[in-house]
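# Commentary on secondary and tertiary structure
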Amino acid sequence: MVANAVVVNAHDIELRLATIQDLDALENIELECFDNDRLSRRRMSYWIKAAHGILILAKKEDEVLGYGLVIMRKGSRSGRLYSLAVLAKARGQKIAQALLLKLEELAITEQRLFMRLEVAEDNIAAIKMYKKLGYRKFGIYRQYYETGADALRFQKSIQQTTMANNMEFYPWYKQTTEFTCGPSALMMAMKHLHKNSRFDQATEIDIWRHATTIFMTSGHGGCHPLGLALAAHERGFEVEVYSTQVNNLFVDGVRSEHKKSIMRIVEQDFIEKARDANVRVHKTEIQLSQIENALVEGFGVICLISTYQFDGKKTPHWVAITHADERCLYLHDPDGSDGFYNEIGTRLDANNKSDAGESEDIDLDYQHLPILKEDFASLSVFGKSKLRTCLVIKPGNKKS
């Protein structure tokens, strides 16, 4: 159970954890605020005591005016806002907002990185508040409520939001194809080191041409760590490669023996060129402390991960590691939301028309994405061979 906490806002509203002595007041709020889908007194009592729940209330002059409940499932890094209610006479004082922000703060202390919630699609006031606080819609539940109404699903990266103001700027680039995550991650690292580095689609595709393994499952080839290292080296950067293997990295995902043989030829060419270019290759996984030290030095770090924890698909994906703190590593994910950008950075929709606005805000969710250090080991491994590979990019002699 989280430690009790007291906060007083501008309206002299006290926020604290609920106790059994608050049951009468909580029941009254539930009866006044909801006509259906109510929490029973028994369930309220359960959640006050439950170790995987956070139930806080708002008081003013000994009167309970509202409450908020978050549920934290075992094995998940997200908390779920299960219920939030404020008496009608106390609305307009931003009590609901204060309750939610406090719940986010307490959820972070419980190692939760994200907050999720459901809200009735016709609850315009609540939706407006959630969006204002940084929540983004990511799905819908049909006929979710007893009334038959649909529920919109919202999510917020609470750790990301908490740390955002404390982080230095790190350039973010959205990949313009489904197969250029490697070049996009590398471009972010190079731009971080040299602000005049090119940040456009032509560079993205050019790096991919130099780094691709030709084939990758059913689509275009993914990028080999040595190929990306050579692309950075050719642009005047110094690169160190950490990889548990340099041969047969992605052949398990390709069925055709002909394709596998070509991928092996490409890999051997990368190995020979890396040796000729004196690219340092460490045939071992990089340690977390080495990543943190590289970030402290101001170097660029890109890493291959499996997207399974993100989307349930076992796809290799390159990301840039931007920052670290005592709890998390933070990633720039080049995948971004639907849509893409042209060569001058204007967001476009599928018809090549400007698509600025809310969609650009959604892209913020792909920047400084928090990953608990204890989860990084399971995230940064790919395939049956348990491949782990990471590049540290240093300034070197930058070419124009």
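Description of the structure in this document. Owing to the predicted nature of the structure, the values given are computational and were not obtained by experimental measurement.

The next point concerns the overall build of the chain. The secondary structure content of the chain amounts to 13 helices and 19 strands. Within the span of the chain, comprising 400 residues, buried residues form 52% of the whole. Long-range pairs, those at least 24 residues apart, make up 65% of the contacts in the chain with a sequence separation of at least 6. Carbon and sulfur atoms provide 47% of the accessible area of the chain, an area that totals close to 20000 Å².

Taken as a whole, helix α2 (residues 41–49) has its buried residues at M44, S45, W47 and I48. Down the axis of α2, the sector holding all buried residues measures 165°, keeping them to one side. Along α2, the residues that are exposed and aim more than 90 degrees away from the buried face are R42 and K49. On its buried side, α2 packs onto α1 (23–33), β3 (53–60) and β4 (63–71).

As a further point, take the state of the cysteines. This structure, assessed with the given rule, holds 0 disulfides. Not engaged in a disulfide, the cysteine C223 finds its nearest cysteine sulfur in C181; these two sulfurs lie 6.8 Å apart.

On to the pattern of salt bridges. Applying the stated rule across the entire model yields 20 salt bridges. A salt bridge links E374 to R77; the shortest N-O distance between them is 2.8 Å. You can see E374 sitting in helix α13 (residues 373–379) and its partner R77 sitting in the loop between β4 and β5 (78–86), a full 297 residues away along the chain. Using a relative accessible area of 55% as the deciding quantity, one classes E374 as exposed. The residue E257 makes a salt bridge to K260 at a minimum N-O spacing of 3.8 Å. Separated by 3 residues within a single helix, E257 and K260 lie in helix α9 (residues 257–276), roughly one turn from each other. The exposure class of E257 is exposed, given its relative accessible area of 53%. In this structure K260 comes out as buried when scored by relative accessible area, which is 16%. Here the salt bridges do not stand alone but share partners, grouping E14, R16 and D22 into one network.

Below, the discussion takes up the environment of K74. Note that K74 resides in the loop between β4 and β5. Each C-alpha atom of the pair K74 and H52 lies 7.6 Å from the other, and the pair is 22 residues apart in sequence.

Once that is clear, we can look at the environment of E204. Within the secondary structure, E204 sits in helix α7 (residues 201–211). Sequence spacing of E204 and Y173 is 31 residues, and the spatial spacing of their C-alpha atoms is 9.8 Å. Not counting chain neighbours up to four residues away, the residues in contact with E204 comprise Y173, Q175, T176, T177, T180, P183, S184 and M187. Here T176 takes part through its backbone nitrogen, which lies 2.9 Å from a polar atom of the side chain of E204.

Now for the pairing of strand β14 (residues 316–324). Of all the 9 residues making up β14, 8 are buried; the element is thus mostly covered by neighbouring parts of the structure. Pairing of strand β13 (residues 300–306) with β14 involves 6 bridges; the strand directions are antiparallel. When the sheet's bridge partners are listed, C303 is paired in β14 with V319. The pairing of β14 with strand β15 (residues 328–332) spans 4 bridges and is antiparallel.

Criteria and cut-off values
Residues numbered from 1 in each chain as written. Predicted model: local features only at pLDDT ≥ 70, side-chain atom pairs only at ≥ 80, totals over all residues. Heavy atoms only, no water. Helix = DSSP H or I, 4+ residues; strand = E, 2+ residues; numbered from the N terminus. Buried < 20%, exposed > 50% of the residue type's maximum accessible area, 1.4 Å probe, protein only. Contact = heavy atoms within 4.5 Å. Areas by Shrake-Rupley, 256 points an atom, 1.4 Å probe, with all protein chains shown as cover. Arc of directions from axis to C-beta. Disulfide = S-S within 2.5 Å. Salt bridge = Lys/Arg side-chain N within 4 Å of Asp/Glu carboxyl O. Polar contact = N/O pair within 3.5 Å; in protein donor to acceptor, adjacent residues only side chain to side chain. Pairing = 2+ DSSP bridges.

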